[in-house]
Amino acid sequence: MLENGKSGAESTASFISILFRIRAKNRYAAPVGTVLMIGLLALCNGCKSPGSDKPIGSVVQIKVPLGLPPVPIPADNPPTVETIALGRRLFYDTRLSKDNSLSCASCHNPEYDFTDGMSVSKGMGGQKGVRNAPTVMNAAYLPFQFWDGRAISLEQQAGSPMANPVEMDQTHDVSVSKLEADPEYRALFVKAFGPGSITISKIEKSLASFERTVLSGNSAFDRYEFGGDQKALTPSQIRGLAIFKDPHRGNCAACHTINKNYALFTDGKFHNIGEGVGDDGTFSDVGRYHETRVVTDTGAFMTPTLRNIANTAPYMHDGKVKTLKAVVDFYAGGGNSNPYLDKEIRAIKLTGQDRSDLVEFLKSLTGEMPPNVGPPAKE
Amino acid sequence: MRIHSSINLFCICCVAALAIGCSGKKNAEPAPAHVEQPAVSYFKVDPATAATITGTIRYTGKKPARKLIDMSEDPACVEAHHGKAYDESLVVGSKGALANAFVYIKKGLEGKTFAVPATPVVIDQRGCWFRPRIVGIQTGQVLQVVNSDPVTHNIHPMAEINREWNHSQGPGDPPMTRKFLKPEIMIPVKCNIHSWMHAYIGVVDNPYFAVSSDDGTFAIKNLPPGTYTIGVWQEKLGTQEQQLTVAPHQDAVADFTFKGK
């Protein structure tokens with residue numbers, strides 16, 4: 001079945017490439033349009049058209065736990081029962097990688113609160129990446145995805161690691177044809193998007209809709225801060241929270257924001273804290289600068305959420321800081337000086353008690369794992 | 001006519017630009033050749049005439065009481081230090097011997113350029129303490145900063161002439177290396193995380209410096225004969241200097257005494 005599917009896809013692909021070659025050669029010749037029309041008609045008759053990539057199923061209002069705002073939803077991808085379930089299935093499917101060994105969940109593993117517990121992630125054939133896998137939890141709220149913000153939506157993010165040679169290392173065409181070979185998937189995609197073949201856009205949209213349900217809230221902190229439960233935090237955690245918020249003490253909330261009615265613990269912006277600066281004062285990983293080419297963005301990375309932070313060690317974009325205490329010490333020390341250091345980063349006078357209170361507070365940010373986000377049950 | 005003149009102007013501009021371009025290129029050309037040439041010829045000491053300055057640094061006041069350092073803010077430091085930690089800003093041994101004074105040639109070596117040693121100077125953060133506390137380094141020589149502790153340190157040389165920097169170093173992090181390019185007596189060093197940790201770095205553009213040992217003695221060896229001003233710096237007691245003419249192959253002596261309160 002898989003073989004048939006593959007050869008079918010291959011022949012389609014070669015047919016398209018022939019068409020394009022004809023088109024390129026005779027770009028200005030009048031008859032080409034006619035030839036192309038006939039060709040496309042033949043294509044439509046020979047196989048399925050992609051159809052619309054707008055979900056058709058029943059739209060779901062994503063339930064938000066205490067401490068989180070409503071989930072932002074793009075107009076062209078309302079989450080549906082079908083796309084969420086399909087996205088969940090895809091998220092855990094290793095067929096989206098070259099040798100069927102890796103899925104999204106390999107690096108965003110629910111057992112590690114959707115990270116992988118490693119300094120930097122391992123991709124195809126054990127190749128090491130250069131950055132620490134960020135959690136998927138609450139990624140739905142971020143204005144940018146990836147440490148350097150190179151994607152601006154979950155949809156855009158989803159396709160990238162699949163095709164990245166050091167990650168899942170499989171072209172989108174191959175991913176599509178592997179799924180097309182599975183009648184179950186074909187049916188699920190039709191149910192989710194209506195008639196048409198599987199496309200990378202549909203895969204990305206489904207994954208994004210699933211990820212919008214991977215939320216973390218209702219932590220001890222949320223129950224204390226937003227739920228009025230004064231006993232939800234320990235005295236040490238309450239002191240830690242005060243230090244966290246106070247601009248003259250921890251100043252943590254300057255970037256790891258807490259709003260009046262909700263807390264994302266990230267401003268969604270890019271900051272240089274000095275992590276990763278080399279002995280010669282330069283950054284081997286230039287971070288945000290890679291996207292913007294703005295010099296002051298050198299060595300800046302997106303503020304990560306702190307939700308579930310106790311379960312997502314090691315820390316920082318390069319995973320070089322191993323413990324929460326080391327993170328707090330890093331900031332207490334004022335990070336690493338460099339020409340692009342964020343103005344909010346400076347040495348802070350924190351007592352040992354302050355530092356351990358901050359660590360205790362960070363442990364209160366572990367929320368409940370939402371239902372239906374783990375690997376789908378095998379039928 | 002107007003068109004004509006503007007064409008002329010255009011031509012002049014082009015020629016001028018060309019000329020500037022050419023001259024700019026000419027200026028740029030010798031640069032790589034310059035790099036290949038040994039930029040400086042290092043001064044070589046003649047072993048037949050090389051002299052030595054030795055001396056003892058003493059403190060005459062009342063021996064200061066040892067002050068206990070409180071590391072309780074970081075329990076991991078208390079554990080790592082193994083025993084009590086005492087303030088080392090003024091360490092006086094028997095017979096007033098003053099340790100941890102920095103001795104260097106302040107004047108008399110002008111115009112001489114010395115090779116930079118290939119071996120790095122090491123500052124270790126061990127037991128939540130900088131070891132050594134007082135360290136000398138030559139301009140351009142590598143400073144290697146090691147963290148042997150199970151805690152994060154943030155070393156911060158508060159340089160004024162050189163570039164000031166601070167850098168976090170977590171437990172198990174590899175050593176980091178830095179250089180200081182200009183002479184500076186002395187650069188105070190602190191740990192941004194542990195308030196009691198202090199060190200001082202003396203940066204000199206020659207190899208003639210020393211730190212007095214526990215018995216107050218120091219030795220500056222392999223010195224070319226000449227007339228020198230020897231400077232001494234101690235973190236609590238300030239500075240002193242002495243002029244001294246050193247004959248070929250001489251073992252000269254320069255003692256210093258700091259008066260305490």
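Data block above holds the structure.
Residues numbered from 1 in each chain as written. Chains lettered and ligands numbered in written order. Predicted model: local features only at pLDDT ≥ 70, side-chain atom pairs only at ≥ 80, totals over all residues. Heavy atoms only, no water.

Enquirer: In this structure, what is going on with helix α5 (residues 154–163) of chain A? I would like to understand it.
Expert: An α-helical turn contains 3.6 residues, so any two residues separated by three or four positions project in the same direction. Residues and elements named next belong to chain A. The element α5 is extensively covered by neighbouring structure, given that 7 of its 10 residues are classed as buried. Every buried residue belonging to α5 is among Leu154, Glu155, Gln157, Ala158, Gly159, Pro161 and Met162, and all of these are buried. Along its buried surface, α5 packs onto α6 (172–180) and α8 (200–211). (Buried < 20%, exposed > 50% of the residue type's maximum accessible area, 1.4 Å probe, protein only. Helix = DSSP H or I, 4+ residues; strand = E, 2+ residues; numbered from the N terminus. Contact = heavy atoms within 4.5 Å.)

Enquirer: Even after reading the chapter, I still don't get the state of the cysteines, so can you show me in this structure?
Expert: Chemically, a disulfide is nothing more than a covalent bond linking the sulfur atoms of two cysteines. For the structure on display, the rule yields 1 disulfide over all chains. Paired through a disulfide, Cys77 of chain B and Cys128 of chain B show a sulfur-sulfur distance of 1.9 Å. One quick way to see it: the torsion about the S-S bond of Cys77 of chain B and Cys128 of chain B is about -65°, and its sign makes the bridge left-handed. In this pair, Cys77 of chain B sits in helix α3 (residues 75–81) while Cys128 of chain B sits in the loop between β3 (121–125) and β4 (130–131), placing the two residues 51 residues apart along the sequence. For the pair Cys77 of chain B and Cys128 of chain B, one class covers both residues: buried. Its sulfur unpaired, Cys107 of chain A is 9.1 Å from the next cysteine sulfur, which belongs to Cys104 of chain A. Residue Cys107 of chain A is classed as buried on the basis of its relative accessible area of 18%. Looking at Cys191 of chain B, it has no disulfide partner, and the nearest cysteine sulfur is the one in Cys128 of chain B, 7.6 Å off. (Disulfide = S-S within 2.5 Å.)

Enquirer: I would appreciate a short explanation of the sheet that holds β4 of chain B in the present structure.
Expert: What links the strands of a sheet is backbone hydrogen bonding, and the strands pair in either a parallel or an antiparallel sense. Residue and element names in this part refer to chain B. Spatially, the 4 strands line up as an open sheet ordered β4-β3-β6-β9, and their pairing is mixed. Edge positions in the sheet fall to β4 and β9 (176–179), since each of these pairs with one other strand and no more. Across 5 bridges, the pairing between β3 and strand β6 (residues 142–147) is parallel. If you follow Asp124 over to β6, its bridge partner there is Val146. (Pairing = 2+ DSSP bridges.)

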